[in-house]
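# Close look at the chain arrangement
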Amino acid sequence: DAKTTQPDSMESTEGETVHLPCSHATISGNEYIYWYRQVPLQGPEYVTHGLQQNTTNSMAFLAIASDRKSSTLILTHVSLRDAAVYHCILRGITGNTRKLIFGLGTTLQVQP
Amino acid sequence: GPKVLQIPSHQIIDMGQMVTLNCDPVSNHLYFYWYKQILGQQMEFLVNFYNGKVMEKSKLFKDQFSVERPDGSYFTLKIQPTALEDSAVYFCASSRDWENTGQLYFGEGSKLTVL
């Protein structure tokens, strides 16, 4: 999987909107952008994914740059439960590999 | 949503003993995974399994490690013999497919402490 770059940590306050950036300058055409989050002492949880178009679901909005070299996960009205490590991962659909490779992600701290 | 169950949640054993970690994946899922995470560190891929066979394994998947899913029951990770450096939380995951962007569902983890 191609490499992604994320800030180590970000801080927010309850009720705010948070923008979590991810850079993936070497993304290839068949790679999807996946976001997972992990709360301490729990397994990772799927957040969202996209290929080219912006996507939205109950958890987040994913904005993908037109050149696909970067993306931003947008969390609105964050609560304390959103405090987690957020992972941006590239996943190829074709090819021989069938695994997700996790990095260190972005640790999101949410203050009351 | 779909749940992946892991048993036990925590196990303490002496170095050199054998341990089996059990995973009950989401029904009708076809791909199975084990990951290892040491406290404070990133999650590391160990192995994936499909159609009764190991597909890929990392260098962390030592010869002492083995996986199987006999008769469609639990997906297991066996370590024999265990070493001190095997102490970690082991996460199981499953997915229905890969090509159709099927997401991975993770369990809550099995914490292994080797003394």
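First, a word on scope: everything that follows refers to the structure included in this document. Note that this is a predicted model, so its numbers are computed, not measured.

## A word on the overall build of chain A
What chain A contains, in helices and strands, is 0 helices and 9 strands. Starting at the N terminus, the α and β elements of chain A follow one another as β-β-β-β-β-β-β-β-β. Based on the C-alpha atoms only, the size of chain A along its principal axes is roughly 45 × 30 × 25 Å. In chain A, buried positions account for 44% of the 112 residues. As presented, chain A carries roughly 5500 Å² of accessible surface, and 51% of it is formed by carbon and sulfur atoms. In chain A, the 8 positive side-chain charges and the 9 negative ones have mean positions that sit 12 Å from each other.

## Notes on the sheet that holds strand β7 (residues 70-75) of chain A
Residues and elements named next belong to chain A. The antiparallel open sheet is built from 4 strands, whose spatial order is β2-β7-β6-β5. What marks the edges here is a single partner per strand, and that holds for β2 (18-23) and β5 (55-56). Alignment of β5 against strand β6 (residues 61-64), held across 2 bridges, turns out to be antiparallel. Bridge assignment links T56 to a residue of β6, and that residue is F61.

## Let's talk about the state of the cysteines
Put plainly, two cysteines are in a disulfide when a covalent bond ties their sulfur atoms together. All names here are of chain A. In the structure shown here, the tally under the stated rule is 2 disulfides over all chains. What pairs with C22 in a disulfide is C88, and their sulfur atoms sit 2.1 Å apart. Between C22 and C88, the S-S torsion sits near -85°, and that sign places the bridge as left-handed. Of this pair, C22 sits in strand β2 while C88 sits in strand β8 (residues 84-92), and the two are 66 residues apart along the sequence.

## Considering the nonpolar core
Generally speaking, nonpolar side chains in soluble globular proteins are found buried as a group. Counting 22 residues, the largest nonpolar core has W34, L46, V67, F75, L77 and Y90 of chain B as the members making the most contacts within it. Among the secondary structure elements, those contributing two or more residues to this core are β3 (19-24), β4 (31-37), β5 (44-50), β7 (65-68), β8 (75-79), β9 (88-95) and β11 (110-114) of chain B. When near neighbours in sequence (up to four residues on either side) are disregarded, V67 of chain B contacts W34, V47, F49, V54, F61, F75, T76 and L77 of chain B. V18, C22, I33 and L62 of chain A belong to the second largest nonpolar core, which has 19 residues in total.

## Here's the deal with the interface of chain A and chain B
Where interface size is quoted, it is often the accessible area lost as the parts come together. Counting residues at the interface gives 22 residues for chain A and 21 residues for chain B. Summed over both partners, the interface of chain A with chain B comes to about 1900 Å²; 54% of that surface belongs to carbon and sulfur atoms. Its largest share of buried area at the contact with chain B, chain A owes to R91, R98 and F102 of chain A, together 34% of the area lost on that side. Linking E56 of chain B and K99 of chain A is a salt bridge whose minimum nitrogen-to-oxygen distance equals 3.0 Å. Across the contact surface, chain A and chain B share 9 residue pairs in polar contact (both at pLDDT 80 or more). With 4 residues, strand β3 (residues 31-38) of chain A is the single largest residue contributor to the side of chain A that touches chain B.

Reading the values: the criteria
Residues numbered from 1 in each chain as written. Chains lettered and ligands numbered in written order. Predicted model: local features only at pLDDT ≥ 70, side-chain atom pairs only at ≥ 80, totals over all residues. Heavy atoms only, no water. Helix = DSSP H or I, 4+ residues; strand = E, 2+ residues; numbered from the N terminus. Buried < 20%, exposed > 50% of the residue type's maximum accessible area, 1.4 Å probe, protein only. Areas by Shrake-Rupley, 256 points an atom, 1.4 Å probe, with all protein chains shown as cover. Lys, Arg positive; Asp, Glu negative; His and termini not counted. Charge placed at Lys NZ, Arg CZ, Asp CG, Glu CD. Pairing = 2+ DSSP bridges. Disulfide = S-S within 2.5 Å. Core = buried A, V, L, I, M, F, W, Y, C linked by side-chain atoms within 4.5 Å. Contact = heavy atoms within 4.5 Å. Buried area = accessible area lost by both parts, 1.4 Å probe. Salt bridge = Lys/Arg side-chain N within 4 Å of Asp/Glu carboxyl O. Polar contact = N/O pair within 3.5 Å; in protein donor to acceptor, adjacent residues only side chain to side chain.

That's the geometry; what it means functionally is another story.
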